[in-house]
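Here is how the chains run, residue by residue.
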Amino acid sequence: MSARIGIYRSKRFLQEKLGALGFWGGALLLLVDMTTPFPTPVRGAYAMWWLLVVGAGGAAWILSRRIPVEETLQLAEESGGALTIPVVSRELGLPVKMASCTLRAMCDCGEAEEVETGQSRTWFFFNTNHGNGRLTRALDFAQRTGGQAKPAQLVGLNIARDLSEAEAMLNHLARKGYVADWKGQEG
């Protein structure tokens, strides 16, 4: 895990906890201030201040919900371009729904492509700078063989983990028009 990801995790944790403490603590003290003469003999004397604390807590919590674009790209670089929702959730300390939204947003802006591999997960292949992502390597191999790549060849070269993933990669490349002769059969 890089330093940037560690900083993001700690900053997000701090913002989330400060946001919850500020919001609920300010709301509780506002309620106490409005219903009792504590801390002053006049009820509601500090109501405006408690509303500011509630607002600051809400703003801190909202800031903890931003989509971590730069951190996800850094994680993709470290993992060779292939990410899953559980990996992003675990590495960045995000809830699963937020990790899913992050990866979908990366696909929407063109930084990643979603590929169903036939397994229980969907892989997100990123356009990494160093270009050694598995989908990129599969594309390079398919171009070297003139569009005649076979799933067994992809597994043999350690581009794909198994035959179903290799077939899914070739199906994805065929949908994009990079592999013209792939019909979905093993050869």
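Residues numbered from 1 in each chain as written. Predicted model: local features only at pLDDT ≥ 70, side-chain atom pairs only at ≥ 80, totals over all residues. Heavy atoms only, no water.

**Here's the deal with the nonpolar core**
It is characteristic of soluble globular proteins that their nonpolar side chains tend to be buried jointly. The biggest cluster of nonpolar side chains holds 18 residues, and the ones touching the most others in it are F125, L135, A138, L154, I159, M169 and L173. Going through the elements one at a time, strand 3 (122-126), helix 6 (134-144) and helix 8 (163-176) are the ones with two or more residues in this core. In this structure L135 touches E113, V115, F125, M169, H172 and L173, once residues within four positions along its chain are discounted. Core analysis: the second largest hydrophobic core is formed by 15 residues, I5, L75, A76 and M106 among them. (Core = buried A, V, L, I, M, F, W, Y, C linked by side-chain atoms within 4.5 Å. Buried < 20%, exposed > 50% of the residue type's maximum accessible area, 1.4 Å probe, protein only. Helix = DSSP H or I, 4+ residues; strand = E, 2+ residues; numbered from the N terminus. Contact = heavy atoms within 4.5 Å.)

**Examining the pairing of strand 3**
In terms of residue burial, strand 3 counts as a mostly covered element, since five of its five residues are buried. Here strand 3 shows no split at all, with T122, F124 and F126 on one side and W123 and F125 on the other all buried. Relative to strand 3, strand 1 (residues 82-83) runs antiparallel, the two being bridged by two bridges. Of the residues in strand 3, the one forming a bridge with L83 is F124. Sheet topology places strand 2 (residues 112-116) next to strand 3; five bridges connect them, and they run antiparallel. Considered in strand 3, the bridge of E114 is made with F124. (Pairing = 2+ DSSP bridges.)

**Some remarks on helix 1 (residues 3-35)**
Think of an α-helix as turning once every 3.6 residues; residues three or four places apart then point the same way. Its 33 residues place the ends of helix 1 47 Å apart at the C-alpha level, agreeing with the 48 Å of an ideal helix rising 1.5 Å per residue. Turning to helix 1, its buried residues number three or more, namely I5, Y8, R12, Q15, E16, G19, G22, G26, L30 and D33. Looking at the buried positions of helix 1, the neighbouring elements they touch are helix 2 (47-63), helix 3 (69-78), helix 4 (85-92) and helix 5 (96-108). (Expected span 1.5 Å × (residues − 1).)

**Overview of the packing of helix 1 against helix 3**
Across the interface, helix 1 lies against helix 3 with an axial gap of 9 Å and an inter-helix angle of 140°. As far as their axial angle goes, helix 3 and helix 1 are oblique. Of the two possible hands of crossing, helix 1 and helix 3 adopt the one that is left-handed. From helix 1, R4, I5 and Y8 reach across to helix 3, where they touch E70, E71, Q74, L75 and E78. A breakdown of the residues in the contact of helix 1 with helix 3 according to their chemical character gives three nonpolar, one polar and four charged. (Axes fitted to C-alpha atoms, helices over the stretch in contact; angles between N-to-C directions. Parallel < 35°, antiparallel > 145°, perpendicular 65-115°, else oblique. Left-handed = near helix turned anticlockwise from the far one by under 90°. Nonpolar A, V, L, I, M, F, W, Y, C, P; charged D, E, K, R; others polar.)

**Observations concerning the pattern of salt bridges**
Enumeration according to the criterion identifies five salt bridges in this entry. Between R66 and E71 there is a salt bridge, and its shortest N-O distance comes to 3.3 Å. Judged by relative accessible area, R66 falls into the partly exposed class, the value being 36%. With relative accessibility at 6%, the residue E71 sits in the buried group. In this structure, R104 engages E114 in a salt bridge whose closest nitrogen and oxygen atoms are separated by 2.9 Å. Here R104 is found in helix 5, whereas its partner E114 is found in strand 2, with ten residues between them in sequence. (Salt bridge = Lys/Arg side-chain N within 4 Å of Asp/Glu carboxyl O.)

**Overview of the confidence of the model for the chain**
Any segment with low pLDDT has predicted coordinates that should not be analysed in fine detail. With 89% of its residues at a pLDDT of 70 or more, the chain has an overall mean of 84. When pLDDT is averaged over each element of the chain, helix 2 comes out on top at 94 and strand 3 at the bottom at 78. (pLDDT = per-residue confidence, 0-100.)

**Overview of the sheet that holds strand 2**
Taking strand neighbours across the sheet as the criterion, the three strands line up as 1-3-2 in an open arrangement whose pairing is antiparallel. Of all strands in the sheet, those bounded by a partner on one side alone are strand 1 and strand 2. Of the strands in this sheet, strand 2 and strand 3 touch helix 8, which is tilted by about 125° from strand 2.

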